[in-house]
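Results of the structural survey
One-letter residues, chain by chain:
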Amino acid sequence: MTLLCQKNSYLRDFKDAAVKSVQRGKIALNGSSKLTDGYDVVLEDTIFFPEGGGQPSDVGTLDSHFVSSVRRDGEQAVLFIADECAKKDDGGDVPPPFKVGDKPVQKIDWTKRFDHMQQHSGQHLITAIALKLFNLETTSWYLGVDSSFIEMDAKEISDETMEVIEEKVNEKIRERVDVLVTYREPDNLGDVRFRMDVPEALRGGPVRVVEISDVDKNTCCGTHVVNLGDLQAIKLLGTAKGNKGKTQLHFVAGGRVLKYLGLAVKREKSLTALLKCTPENLEPMVDKAQKTVKRLHKNCVQCLRDLGKLEAERLLQTPEDALPTFITLHRKEGEFDFISSFISSIGTNLLGGRLFLISIADDSLTAKSPGQIMLAGEEEYVKKAADIAINQFAAKGSVQQAKFRGRVLDVSKLPKLEEAIRSTFLKNVPNYKE
Ligand SMILES: [Zn+2]
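Values in this document were obtained by computation on a predicted structure and should not be read as measured data. (Residues numbered from 1 in each chain as written. Predicted model: local features only at pLDDT ≥ 70, side-chain atom pairs only at ≥ 80, totals over all residues. Heavy atoms only, no water.)

For the zinc ion, the full set of protein donor atoms is His120 (NE2), His124 (NE2) and Cys220 (SG), and the range of their distances to it is 2.1 to 2.3 Å. All donor residues of the zinc ion come from one chain, and their arrangement in sequence is H-x3-H-x95-C. Of this pair, His120 and His124 both sit in helix 2 (residues 110-134), four residues apart, which is roughly one turn of that helix. Each member of the pair, His120 as well as His124, carries the same accessibility label: buried. (Donors = N, O, S within 2.8 Å, 3.2 Å for Na, K, Ca; no water. Helix = DSSP H or I, 4+ residues; strand = E, 2+ residues; numbered from the N terminus. Buried < 20%, exposed > 50% of the residue type's maximum accessible area, 1.4 Å probe, protein only.)

In structure tokens, the structure reads:
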């Protein structure tokens, strides 16, 4: 059976079809793993498109009840009304929204539906042109919320190929080519591109064919524009890696082109305001800014290395017997270069019989930028202190060559870590000095 939405895809509302059945139902909405309770409503005929052929289902209303999903069951469409969308009576239970024979007003969310029609017809057009000009076979497609993609049987699609496809599909839109829906017997499909998007239940009988006059003939159950002029424009956005050896070609069609352009202009305005330049200068400005950041970072690392060395030299100038057993050093800002430079400059003399705890941690510590610590010195002390850091303070890391290098997730606990190391074993070691 052909549904009304497939006979006339431009019907936005309809009221002359009676309710055939109303039953309790349960479905997972919007990819949720939780099932939603409600009612499954089947009408004699419907302008609601059930999901199929890569096109999502319509949403809309039946009288005042919101239809949140439509699915195909054999030859009929099942409209789902969730309990929260139905009016509850005093008894608490949600009563059936209709009885058999009622003729509720069907109203689809036309903005959403027309958008789906533009993307779906756009997909047929891109698929046909890519096949015709470059022998690129479409293997599947996905209609997304913001952009869609067609998966093509090719390892890559060059920018030049995309440019030609984009130019050609927009040329066809300007030519205002008609899009027709015809029905063919299954044994009369010789000139038709056969896709697997016709539901099982509809195979065997007359097959629905969507024809873009002299461009493409394709079996399809979806709703389409009647003329390519309704697509306004198609913009190919780029490619991405698809399934094994395949490439996704991302695109927007119709109203989405303007929406995409609107967002791009808004972003451009924000960026030009931030960088204080014209749109033409954005690229060289960002390039310059990135190079400057790189240079400054390099300088900063060198400064930290020098600082680590200076801190070490300061200690080396102090008479050895005036130095404490436990030496701690903390920097709020820094990189590991500071620690490694400090340790290598200290040399082996001062490490024996002592424990060094050096830490770098931003005050605004987050899981993504955890503080770094290093324990170095007398091997036995390092091992014991590392055990405390790991087991009592959730530090992550390991001891290698008498050094523990690790991360701490909570910098505020560093003073407690110092205290634990001191009180647990360090203050009892021979010749301990405060
Ligand atoms: Zn289709």
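Per the stated rule, a full pass over the model turns up six aromatic pairs. Measuring from ring centre to ring centre gives 6.0 Å for Tyr10 and Trp110, while their planes differ by 45°; the resulting arrangement is tilted. With Tyr10 in the loop between helix 1 (4-7) and strand 1 (13-14) and Trp110 in helix 2, this residue pair connects regions lying 100 residues apart in the sequence. Among the residues examined, Tyr10 registers a relative accessible area of 25% and is labelled partly exposed. Here Trp110 falls in the buried class, since its relative accessible area comes to 14%. Arranged with centres 5.5 Å apart and planes meeting at 25°, the rings of Trp110 and Phe114 form a pair that is stacked. Here Phe114 and Trp110 lie together in helix 2, a separation of four residues that amounts to about one turn. Both residues of the pair, Trp110 and Phe114, belong to the buried class. Grouped by ring-pair contacts, the aromatic residues Tyr10, Trp110 and Phe114 constitute a single cluster. The ring of Phe338 carries Arg331 above its face, with NZ or CZ at 5.6 Å from the centroid. Just above the ring of Phe336 sits the side chain of Arg405; from NZ or CZ to the centre is 3.4 Å. (Phe/Tyr/Trp six-rings, centres within 6.5 Å; stacked < 30°, edge-to-face > 60°. Lys NZ or Arg CZ within 6 Å of the ring centre and 35° of its normal.)

Take the sheet that holds strand 15 (residues 247-253) next. Ordered in space as 9-10-15-14, the four strands form an open sheet in which the pairing is antiparallel. The open sheet is flanked by strand 9 (138-142) and strand 14 (234-241), the only strands paired with a single partner. Neighbour-to-neighbour, the strand axes of the sheet open up by a mean angle of 25°, direction not taken into account. Where strand 10 (residues 148-152) meets strand 15, five bridges bridge the pair, whose relative direction is antiparallel. Within strand 15, the position partnered with Ile150 by the bridge is Leu249. (Pairing = 2+ DSSP bridges. Axes fitted to C-alpha atoms, helices over the stretch in contact; angles between N-to-C directions.)

Remark: a regular strand shows side chains that alternate across the two faces of the sheet. Pairing geometry for strand 2 (residues 19-28) and strand 3 (residues 35-43), over nine bridges, is antiparallel. The partner of Ile27 across the bridge, within strand 3, is Thr36. Here strand 2 folds back onto strand 3, and the loop between the two strands holds six residues, one of which, Asn30, carries a positive phi near 50°.

Taken together, Leu133, Phe134 and Val164 make up a surface patch of nonpolar side chains, about 220 Å² in accessible area. Along the chain, Phe134 turns up in helix 2. Note on Phe134: relative accessible area 31%, which makes it partly exposed. (Patch = residues over 30% accessible without salt bridge, like charges linked within 9 Å, V, L, I, M, F, W, Y side chains within 5 Å. Areas by Shrake-Rupley, 256 points an atom, 1.4 Å probe, with all protein chains shown as cover. Salt bridge = Lys/Arg side-chain N within 4 Å of Asp/Glu carboxyl O.)

A few words now on the domain arrangement of the protein. Size of an interface: often given as the accessible area lost when the parts come together. Assigned domains within the protein: domain 1 (4-108), domain 2 (113-271) and domain 3 (303-428). The gap between the C-alpha centroids of domain 1 and domain 3 is 66 Å. (Domains from an automatic or database assignment.)

Further remarks concern the state of the cysteines. The tally for this structure, following the rule as stated, stands at zero disulfides. No disulfide involves Cys5; its sulfur sits 9.0 Å from that of Cys221, the nearest cysteine. Cys221 gets classed as buried once you look at its relative accessible area, which sits at 1%. (Disulfide = S-S within 2.5 Å.)

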